[in-house]
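# Remarks on the overall topology
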Amino acid sequence: MKGQVDQYEDAVTVRLRNVAQKDGGTIEIDATNIYGTATATVKLIVVDVPGAPQKLVCQKVTHNSAVLSWQQPDEDNGAPITAYIVERKTVDFSRWRQVATIDDGSTKYTAGDLLCRRNSTGFRIWR
């Protein structure tokens, strides 16, 4: 972890770069001027995006629907999952299309309106 200190007329900023979760913890900062020394203790919490959803399964497939389920990521990296985004595309298209936002904590979605008797449909889940 590298730090950069910038001094201004009425303030000092400390910028930390390339931090990882393992760098979190207690940091003690000492400031000294002609009037003395002051010490402040701050807690550093490093937050990153959650890991990817795990073990996507497609079940109960019919000619126009499928039930998708998945497991939560192994790691939330300090950032709670607020929603999952479900996207789909057929093999004929290169563009993914969002079909749902799951923001109730569920890890299951029924995809409808597939109409893919001749085409395969791919799904992906984002957090």
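Thresholds applied
Residues numbered from 1 in each chain as written. Predicted model: local features only at pLDDT ≥ 70, side-chain atom pairs only at ≥ 80, totals over all residues. Heavy atoms only, no water. Helix = DSSP H or I, 4+ residues; strand = E, 2+ residues; numbered from the N terminus. Rg over C-alpha atoms; globule rule 2.2 N^0.38 Å. Buried < 20%, exposed > 50% of the residue type's maximum accessible area, 1.4 Å probe, protein only. Lys, Arg positive; Asp, Glu negative; His and termini not counted. Charge placed at Lys NZ, Arg CZ, Asp CG, Glu CD. Pairing = 2+ DSSP bridges. Phe/Tyr/Trp six-rings, centres within 6.5 Å; stacked < 30°, edge-to-face > 60°. Lys NZ or Arg CZ within 6 Å of the ring centre and 35° of its normal. Axes fitted to C-alpha atoms, helices over the stretch in contact; angles between N-to-C directions.

Turning our attention to the overall build of the chain. Assigned secondary structure in the chain consists of 0 helices and 10 strands. Secondary structure elements of the chain, listed N to C terminal, follow the sequence β-β-β-β-β-β-β-β-β-β. In terms of C-alpha radius of gyration, the chain reaches 24 Å, well past the compact-globule figure of 14 Å for 127 residues. By principal-axis analysis of the C-alpha atoms, the chain measures approximately 80 × 25 × 20 Å. Each of the 127 residues in the chain was classed as buried or not, and the buried ones make up 22%. On the chain, the mean spot of the 16 positive side-chain charges and the mean spot of the 15 negative ones are 15 Å from each other.

If a strand is regular, its side chains alternate between the two faces of the sheet. Pairing of strand S5 (residues 54–59) with strand S6 (residues 66–71) involves 4 bridges; the strand directions are antiparallel. Bridged to glutamine 59 within S6 is valine 67. Count of turn residues in the S5/S6 antiparallel hairpin: 6 residues, of which lysine 60 carries a positive phi of about 50°.

Think of a pair of aromatic rings as described by two things: how far the centres are apart, and how the planes are tilted against each other in angle. According to the stated counting rule, one finds 1 aromatic pair in the structure shown. For the ring pair tryptophan 70 and tyrosine 84, a centre distance of 5.3 Å and an interplane angle of 70° mean the geometry is edge-to-face. Here tryptophan 70, found in strand S6, pairs with tyrosine 84, found in strand S7 (residues 84–90); they are 14 residues apart in sequence, far enough to count as distant. For tryptophan 70, a relative accessible area of 4% translates into the label buried. Lysine 89 extends its terminal NZ or CZ atom over the ring of tryptophan 96, reaching a point 5.7 Å from the ring centre.

Moving on, we come to the sheet that holds S5. An order of S5-S6-S9 is seen for the 3 strands of this open sheet, with the pairing classed as antiparallel. One side of each edge strand has no neighbouring strand; the edge strands of this open sheet are S5 and strand S9 (108–111). The sheet shows a mean angle of 20° between the axes of neighbouring strands, direction not considered.

In this section: unusual backbone geometry. Residues other than glycine predominantly adopt negative phi, and peptide bonds predominantly adopt the trans conformation. In this structure, asparagine 18 is a non-glycine residue whose phi angle is positive, near 55°. For asparagine 18, the location among the structural elements is in the loop between strand S2 (12–17) and strand S3 (25–33). On the basis of relative accessible area, asparagine 18 is assigned to the exposed category, the value being 71%. With a phi angle near 55°, asparagine 77 is a residue other than glycine that sits in the positive phi range.

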